Amino acid sequence: MAATTEASAPLLRLAGVTKRFGGAAAVDAVDLALAENEVFCLLGPSGCGKSTLLRLIAGFEQPDAGTIRLGTQDLTGLPAHRRPINMMFQSYALFPHMSVSRNVAYGLADRPRAERAARVADLLRMVRLEDFADRRPDTLSGGQRQRVALARALAREPRLLLLDEPLTALDRALREETQSELRALQRRLRTSFIVVTHDPEEAMRLADRVGVMAQGRIVQVGATAELYDRPASRYVAGLLGDVNLIPGRLGPGEPGGLRAVEIASGSLRARSPAADLSEGDAVVVAVRPERVALGPDQAGEGATVGIPATVAERVFLGDRIARTLHLGDGSAVRASGPPEGADAFPAGARVRLRFAAEAATILPA
Ligand code: ADP
Ligand code: MG
């Protein structure tokens, strides 16, 4: 991350950008640096300010405070049509009475006719719609309409393309295919994208880096693997996927950046928290279900490791087996593993659960 923000000047830089509607800040003191050729995803639930942030960058809204720079240019106060930025809306906003090629040509009215025609042909080839040039949008599939909107948004070769939930209208299979296409297209164009999504899997498929938003703020930025494995809060941990949050009290530090946590059924170890916490503070240990391994409960043999638990439920899910385990104090932990182990540890079995200390993150309770 440091390399992209320090080695070369960022393409886009936001500092303290704030937008209020009435009293409430829809976007609250956002700082952000975007590199050239980067795909950055803004991830967060509905209403957290993602679209407002895009609209501020595009110039459809003006910030109440803060600055937006593109390269060396200060965009603050510049109207949308003067910014080398384009935006693709959630609804695609295609003109229903115009053909595909006229939709794509819409932003090129100032270009000579021949140049415009050549550019439209290029763009339609790029999104694989060269055979659909004369069709109307309402005769196309959802995926094709999405590609028309993309071609139109790219027509003027923006330095930055903003995409607001570009794939939500597509069904799951088409969405995955379109995500791969979009990413391949971006690599060829070498244009930077900011993509808004509320779907963590979409962020994982598309993004170089992700900014997680909550209530108008960007609360954590990183590669998806980083956010998934090292969330800085319960909020980020839960947003990126299923996670166990085991309550406990922070114990003493250990060598190797590890820390003990006392939980109801014993003691475990996890990576030291990034947050400023003291011994005895209430914490949760965040650990993903696929990181929780099960072993037999051989109490009495002396060599048993792990937390004693009982399998409450076992569900076959095709590509994995999901188990819910009850700890001694009645709290639940979810474990998921390969289907090969389907016969082992049925409901009712007494087990020991384990996970690597490095796979678990201590977070403020
Ligand atoms: P998201 O795209 O993450 O769903 P939005 O940026 O659309 O979130 O909205 C963030 C907050 O700002 C919401 O509470 C929304 O109601 C409010 N908001 C957005 N646009 C306006 C507006 N033009 N006038 C008043 N409130 C708005
Ligand atoms: Mg939105």
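Residues numbered from 1 in each chain as written. Chains lettered and ligands numbered in written order. Predicted model: local features only at pLDDT ≥ 70, side-chain atom pairs only at ≥ 80, totals over all residues. Heavy atoms only, no water.

### Observations concerning the packing of aromatic side chains
For any pair of aromatic rings, geometry is given as the distance between the ring centres together with the angle between the planes. Note the threshold: Note on aromatic contacts: the rings of Phe and Tyr and the six-membered ring of Trp form a pair at centre separations within 6.5 Å, being stacked when their planes are under 30 degrees apart, edge-to-face when over 60 apart, and tilted otherwise. Numbering of helices and strands runs from the N terminus; a helix is a DSSP stretch of H or I covering at least four residues, while a strand is a stretch of E covering at least two. The buried label applies to any residue whose accessible area, calculated with a 1.4 Å probe on protein chains only, is under 20% of its type's maximum; exposed applies above 50%, and partly exposed to all values in between.
For the structure on display, the rule yields two aromatic pairs. Between Phe60 and Phe89, the aromatic rings sit 5.9 Å apart at their centres with planes inclined by 40 degrees, giving tilted as the arrangement. One end of the pair, Phe60, is in the loop between α2 (50–58) and β4 (65–70); the other, Phe89, is in the loop between β6 (85–88) and α3 (100–105), and 29 residues separate them in sequence. In this structure Phe60 comes out as partly exposed when scored by relative accessible area, which is 39%. When the ring of Phe95 is compared with that of Tyr106, the centres are 4.7 Å apart and the planes differ by 55 degrees; the resulting orientation is tilted. Of this pair, Phe95 sits in the loop between β6 and α3 while Tyr106 is found in the loop between α3 and α4 (113–126), placing the two residues 11 residues apart along the sequence.

### Observations regarding the sheet that holds strand β19 (residues 350–354)
Pairing between the strands of a sheet comes from backbone hydrogen bonds, and it takes one of two forms, parallel or antiparallel. This is how it is decided: When DSSP finds at least two bridges between two strands, those strands are taken to pair. Between N-to-C directions, angles span 0 to 180 degrees; the directions come from axes that are lines fitted to C-alpha atoms, helices contributing only their stretch in contact.
If you walk across this open sheet you meet the five strands as β15-β19-β16-β17-β18, and the pairing is antiparallel. The open sheet has two edge strands, β15 (293–296) and β18 (332–337), and neither has a second partner. Taking each pair of neighbouring strands and ignoring which way they run, the sheet shows an average axis angle of 45 degrees. Where β15 lies against β19, four bridges are found, and the strand directions are antiparallel. Bridge assignment links Ala293 to a residue of β19, and that residue is Arg354.

### A word on the UniProt feature "domain: ABC transporter" (unreviewed entry) in the chain
So the rule is basically this: UniProt positions are given in the numbering used here, feature names are shortened, and annotations may be inferred rather than shown by experiment.
The UniProt record annotates "domain: ABC transporter" (unreviewed entry) at residues 12–240. Annotation note: span residues 12–240, helix share 34%, strand share 27%, distance between end C-alpha atoms 25 Å.

### A word on the site of ligand 1
The criterion, for reference: We call a residue near a molecule or strand whenever a single non-hydrogen atom of that residue lies within 4 Å of it. Contacts described as polar in this section are N or O atom pairs within 3.5 Å, which, within protein, must combine one atom able to donate a hydrogen with one able to accept it, while residues neighboring in sequence count only if both atoms come from side chains. Note on areas: Shrake-Rupley with a 1.4 Å probe; residue coverage comes only from the protein chains shown. Each residue gets one label: Ala, Val, Leu, Ile, Met, Phe, Trp, Tyr, Cys and Pro are nonpolar, Asp, Glu, Lys and Arg are charged, and the others, such as Gly, are polar.
Neighbouring ligand 1 are the residues Phe21, Ala26, Pro45, Ser46, Gly47, Cys48, Gly49, Lys50, Ser51 and Thr52. Cys48 has a polar backbone atom sitting 3.2 Å from an oxygen atom of ligand 1. In the model, an oxygen atom of ligand 1 is placed 2.9 Å from a nitrogen or oxygen of the Ser51 side chain. Protein contact buries 54% of the 560 Å² of open area that ligand 1 shows by itself. Per element, the largest residue contribution to the shell around ligand 1 is three residues, and it comes from α2. Within the shell around ligand 1, the residues separate by chemical class into four nonpolar, five polar and one charged.

### A word on helix α5 (residues 142–154)
Quick reminder of the rule: How far a helix is expected to stretch is found by multiplying one less than its residue total by 1.5 Å. In this description, contact between two residues means that some pair of their heavy atoms is separated by no more than 4.5 Å.
The end-to-end C-alpha distance of α5, which contains 13 residues, comes to 19 Å, matching closely the 18 Å that a straight helix rising 1.5 Å per residue would cover. Extensive coverage of α5 is indicated by the burial of 11 of its 13 residues. Listed as buried for α5 are Gly143, Gln144, Gln146, Arg147, Val148, Ala149, Leu150, Ala151, Arg152, Ala153 and Leu154. Its buried side turned inward, α5 meets β6, α3, α4, β7 (160–164) and α6 (172–189).

### Regarding the sheet that holds β7
Strand order in the open sheet formed by six strands is β6-β7-β8-β3-β9-β10, with mixed pairing between adjacent strands. At either margin of the open sheet sits one strand with a lone partner, and together these are β6 and β10 (217–222). For this sheet, the mean angle separating the axes of adjacent strands, direction not counted, is 20 degrees. Relative to strand β9 (residues 209–214), strand β3 (residues 39–43) runs parallel, the two being bridged by four bridges. Looking at β9, one finds that Phe40 is bridged to Arg209. Contacts from α5 reach β6 and β7, with the element oriented near 165 degrees to β6.

### Describing unusual backbone geometry
A positive phi angle, close to 60 degrees, is found at Arg128, a residue other than glycine. In this structure, Arg128 sits in the loop between α4 and α5. A positive phi is found at Gln215, a non-glycine position, where the angle reads about 50 degrees. Along the chain, the position of Gln215 falls in the loop between β9 and β10. The exposed category is assigned to Gln215, whose relative accessible area is 72%.

### Re the nonpolar core
Convention followed: Within this scheme, the nonpolar core is defined by two criteria: the residues are buried Ala, Val, Leu, Ile, Met, Phe, Trp, Tyr or Cys, and they are joined through side-chain atoms within 4.5 Å.
One finds Leu150 and Val210 to be the most contacted residues of the largest nonpolar core, which totals 41 residues. With six residues, α5 is the single largest residue contributor to this core. The residues touching Leu150, leaving out its near neighbours within four places in the chain, are Met88, Leu161, Leu163, Leu182 and Leu185. In this structure, Leu14, Val17, Leu42 and Val196 belong to the second largest nonpolar core, which totals 28 residues.

### Describing the side chain of Glu202
Here is the rule we go by: The sign given to each residue is positive for Lys and Arg and negative for Asp and Glu; His and the chain ends receive no count. For this analysis, a salt bridge means a side-chain nitrogen from Lys or Arg found within 4 Å of a carboxyl oxygen belonging to Asp or Glu.
Mapped onto the secondary structure, Glu202 falls in helix α7 (residues 200–206). This buried residue, Glu202, is left without a salt bridge; Arg175 holds the nearest opposite charge, at 4.2 Å. Those residues within four positions of Glu202 in sequence are excluded, and the remaining contacts are Pro166, Leu167, Arg175, Gln179, Val196 and Thr197.

### A few points about the pattern of salt bridges
For the structure on display, the rule yields 20 salt bridges. Note that Arg352 and Asp297 form a salt bridge whose closest N and O atoms lie 2.8 Å from each other. Here Asp297 lies in the loop between β15 and β16 (307–316) and Arg352 lies in strand β19, a separation of 55 residues in the sequence. Residue Arg352 is classed as buried on the basis of its relative accessible area, which comes to 15%. Asp319 is the partner of Arg320 in a salt bridge, and the nearest nitrogen-oxygen pair spans 3.7 Å. A relative accessible area of 36% means that Arg320 is categorised as partly exposed. Residues participating in the shared-partner salt-bridge network are Arg172, Glu176, Glu201 and Arg205.

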